[in-house]
Each structure stands twice: as C-alpha cells, then as structure tokens.
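As a plain string of letters, each chain reads:
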Amino acid sequence: MMESIVLIGFMGSGKTTIGRALKEKTGFDFVDTDELIEAEEGCKISSIFTDKGEKYFRELEKNILQKLVAVGGFRIVSTGGGIVTTLENIPFLKKLGRVFYLRIKPETVIDRLRGDVTRPLLAGKDRLIKVKGLMDARKDMYEKAADIIIDADDISVEKIVEMIINGT
Ligand code: S3P
C-alpha cells in the first residue's frame, strides 16, 4: 500500500500550494488541516485564535490529525505550520504517511508573506523577530517529525512536486 504524503513546515513554506499541485499531477485527494478546521468550526483560523485562543485551536488541530489517521486511505495532507508544537502529534504525523518537511529561511517567510493578514502569530510589528523566534523554537520538532527534508527556498513548485513524487 502506498503511504499518504504529509507536508509540514513553517508558514509560507508552500505546503498548500505544493499539496494542490500534487493533487493536479496525481489526481489523489488533497486535504489541508487548516481548511478542515475552518470548515468544521465555520470560521477563519484568525477568528478562532481571537475568540477562543491558540490552545483551543491546537486541540482542534490535534483532533483533525487523529481523525485523518483513523480514517486511513491514501491522500495528500498539508498541515498547519504549528502542528509539530503539539508533541503528541509527531507519532500521528508519521502514522499518517511519509512526512516531507519543506524547510525555508526566515527571510523567505518575510518575502512570501508580505501583506498577509491571515496568520495571527505573525500579526503586528517586528515580523522577522517573530519568525526567527518561532523557527528556532520549532526547528528540532520539524526535524524530528520529518522523514525527508527539502530545502524549499529557491526551488520551483514543479521541481518540489517532482522530488516528492520520486520520494526524495
Ligand atoms: C500556524 C500556521 C498556520 C495556521 C495557524 C498557526 C503556526 O498554517 O495553522 O495560523 O502556528 O505556524 P500555515 O502554515 O498553513 O500558514
């Protein structure tokens, strides 16, 4: 049986874009944990953070991941950038499939998310400092969860899709 493809990485690493491109290329189902959460809660991630807080969001995220593992089957799964911060999630990510970590530099995040208002953790001033702080704190968690690491700063979506399909 083929394993599902699981994409992890920081905000702006391209998980959703690459997940969709993989779906186009392979025809397999694609799901994004943030989209599943928004659909289930009937509101945007940013509202969940403001109204109910990050802790509540992390519970939803953990439950969605466990549901995906329970349902089984083959699909492409893109995850929220902070999914690895719930350490309990790491074995579930691995159970779900082959975990690809799209690794990027803080400067790439800043470039790609200029003007973005959908990420509550990056709201306000001093974005580069925030990104560096979060990345430092998460680095080991991403690496621990990853089966394969792809340095994704300067590679095209097409190339990354090809690398993932080839399993490298
Ligand atoms: C988060 C990343 C977001 C979303 C939420 C929290 C994080 O997903 O889950 O805003 O903690 O890094 P993306 O990585 O898809 O932006």
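Check the entry above for the structure.
We now examine the site of the ligand. Close contacts around the ligand come from 14 residues, with K15, D34, R58, R119 and R138 the closest. Within the side chain of K15, one N or O atom sits 2.6 Å away from an oxygen atom of the ligand. Structurally, the ligand is housed in the largest pocket. Elements with a contribution of two residues or more to the shell around the ligand: α3 (45-52) and α4 (54-71). Looking at side-chain class alone, the shell around the ligand contains six nonpolar, three polar and five charged residues.

The buried count for strand β1 (residues 4-8) comes to five of five residues, which makes it a mostly enclosed element. Because side chains alternate across β1, one face comprises the buried residues S4, V6 and I8, and the other comprises I5 and L7, equally buried. Direction of pairing for β1 relative to strand β4 (residues 97-103): parallel, over a ladder of five bridges. Bridge pairing in β4 places V6 opposite V99. Sheet analysis places β1 next to strand β3 (residues 76-78), joined by three bridges and oriented parallel. Paired with V6 across the strands is V77, a residue of β3.

Quick look at the side chain of D153 now. Relative to the elements of secondary structure, D153 occurs in the loop between β5 (148-151) and α8 (157-165). Exposure remark for D153: the relative accessible area of 15% places this residue in the buried category. At 2.8 Å, the side chain of D153 forms a polar contact with the backbone nitrogen of K105. Each residue touching D153, except ones within four places of it in the same chain, is listed here: R103, I104, K105, T108 and R112.

So, about the sheet that holds β1. In spatial order, the strands read β2-β3-β1-β4-β5; together these five strands make up an open sheet with parallel pairing. Only two strands of the sheet have a single neighbouring strand rather than two, namely β2 (30-32) and β5. Averaged over all neighbouring strand pairs, the angle between strand axes comes to 20 degrees, with direction disregarded. Relative to β5, β4 is paired through four bridges, and the arrangement is parallel. Within β5, the residue paired with L102 across the bridge is I150.

Conventions adopted
Residues numbered from 1 in each chain as written. Predicted model: local features only at pLDDT ≥ 70, side-chain atom pairs only at ≥ 80, totals over all residues. Heavy atoms only, no water. Near = heavy atom within 4 Å. Polar contact = N/O pair within 3.5 Å; in protein donor to acceptor, adjacent residues only side chain to side chain. 1 Å grid on protein atoms, 1.4 Å probe; cavity = no way out; pocket = protein on both sides within 12 Å on 5 of 7 lines; lining within 4 Å. Sits in = over half its atoms within 2 Å of the grid points. Helix = DSSP H or I, 4+ residues; strand = E, 2+ residues; numbered from the N terminus. Nonpolar A, V, L, I, M, F, W, Y, C, P; charged D, E, K, R; others polar. Buried < 20%, exposed > 50% of the residue type's maximum accessible area, 1.4 Å probe, protein only. Pairing = 2+ DSSP bridges. Contact = heavy atoms within 4.5 Å. Axes fitted to C-alpha atoms, helices over the stretch in contact; angles between N-to-C directions.

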